[in-house]
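# Summary of structural features
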Amino acid sequence: AITELPDGFYEHEIEIDGVREPLVMRAAVTVHGDEMAVDWEGTSPQVDAAINETWNHAYAMTVYPIKCILSADVPNNDGAYRPVTMKAPAGCLVNAQPPAAVASRQMIGHYIAAVVFGALAKVVPERVLADSGSPAPRIVFTGNHNGRRFGAALTLSGGIGAQATRDGLSAAPFPSNSAGTSAEIVEAGTPL
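Small disclaimer: the values here were computed from a predicted structure and weren't measured.

## Some remarks on the pairing of strand β4 (residues 84–87)
Side chains of β4 alternate between two faces, with Val84 and Met86 buried and Thr85 and Lys87 left unburied. Strand direction decides the pairing type here: strand β3 (residues 35–39) and β4, joined by 4 bridges, are parallel. Pairing of Val38 across the sheet is with Met86, part of β4.

## Focus: the layout of surface pockets
Estimates place the volume of the largest pocket at around 210 Å³. Taken together, 14 residues line the largest pocket, and the ones lying closest to its centre are Leu129, Ile160, Gly161, Gln163 and Arg166. Considered class by class, the residues forming the lining of the largest pocket number 8 nonpolar, 3 polar and 3 charged. By volume, the second largest pocket is sized at about 170 Å³. Looking at the lining of the second largest pocket residue by residue, the classes come out as 9 nonpolar, 3 polar and 2 charged.

## Looking at the pairing of strand β6 (residues 148–155)
With 8 bridges joining them, strand β5 (residues 138–145) and β6 adopt antiparallel strand pairing. Bridge pairing in β6 places Asn144 opposite Arg149. Taken together, β5 and the strand that follows it, β6, pair antiparallel across an intervening segment of 2 residues, in which Asn146 is found at a positive phi of about 55°.

## Some thoughts on the nonpolar core
One recurring pattern in soluble globular proteins is that nonpolar side chains are buried together. Within the largest apolar cluster, 40 residues are counted, with the highest numbers of intra-cluster contacts made by Met25, Met36, Trp40, Ile66, Val94, Ile112 and Leu120. Of all the elements in the fold, those that place two or more residues in this core are β1 (8–16), β2 (23–32), β3, α1 (55–71), β4 and α3 (106–120). Not counting the four nearest positions on each side in its chain, Ile66 is found in contact with Met36, Val38, Val84, Val116 and Leu120.

## A look at the environment of Arg166
Mapped onto the elements, Arg166 comes out in the loop between β6 and α4 (183–189). Measuring from C-alpha to C-alpha, the distance between Arg166 and Asn77 comes to 27 Å, with 89 residues separating the pair along the chain.

## Details of the sheet that holds β4
Read across the open sheet, the 4 strands follow the order β1-β2-β3-β4; overall the sheet is mixed. Bordering the open sheet on either side are β1 and β4, each of which pairs with just one other strand. Neighbour-to-neighbour, the strand axes of the sheet open up by a mean angle of 15°, direction not taken into account. The pairing of β2 with β3 spans 5 bridges and is classified as antiparallel. Looking at β3, one finds that Val29 is bridged to Val38. Across the sheet, α1 touches β3 and β4, and the angle it forms with β4 is around 140°.

What counts and what doesn't
- Residues numbered from 1 in each chain as written.
- Predicted model: local features only at pLDDT ≥ 70, side-chain atom pairs only at ≥ 80, totals over all residues.
- Heavy atoms only, no water.
- Buried < 20%, exposed > 50% of the residue type's maximum accessible area, 1.4 Å probe, protein only.
- Helix = DSSP H or I, 4+ residues; strand = E, 2+ residues; numbered from the N terminus.
- Pairing = 2+ DSSP bridges.
- 1 Å grid on protein atoms, 1.4 Å probe; cavity = no way out; pocket = protein on both sides within 12 Å on 5 of 7 lines; lining within 4 Å.
- Points joined across faces, edges and corners; volume = space filled by probe spheres on them.
- Nonpolar A, V, L, I, M, F, W, Y, C, P; charged D, E, K, R; others polar.
- Core = buried A, V, L, I, M, F, W, Y, C linked by side-chain atoms within 4.5 Å.
- Contact = heavy atoms within 4.5 Å.
- Axes fitted to C-alpha atoms, helices over the stretch in contact; angles between N-to-C directions.

These values are about where atoms sit, not about what they do.
And the structure:
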């Protein structure tokens, strides 16, 4: 499937809110024969908040949109991802180094697909998704009620972006498959 793309160098970047200041996510996708490389050089440095990405999660979020574009009908397997490599400078937002906090890495991870799709839109615009309603924010409630600790997390999803031939989906997550907790479960397990 990669060989069907013209060899070339395709870049895209986005600016996101960040914690204290805007952050940049930049990717360059190089297609050469039957291989593809994604380089995150130029992405902002890791921050002192828990939104930093780990290498493994960033790689997964990088190759998944490529798989969706090139071979959505082929089941996921090692061979589907072997021809796609990723580089990310140590200490950048998508390759955080210890002791960087990473507990909410999905906040950055969800933007990765948008950057990869943006780069590939330059070569196969008819195959990419428009930006999705990502990241999927989590609202976390914790406290004490009747002498017992409680916690509940609500996941919100802004929708999946449209494609050239069809509308997107409302209130559905992409690229993850997270779902919201039903109001009844939250009400049964918490004082909310």
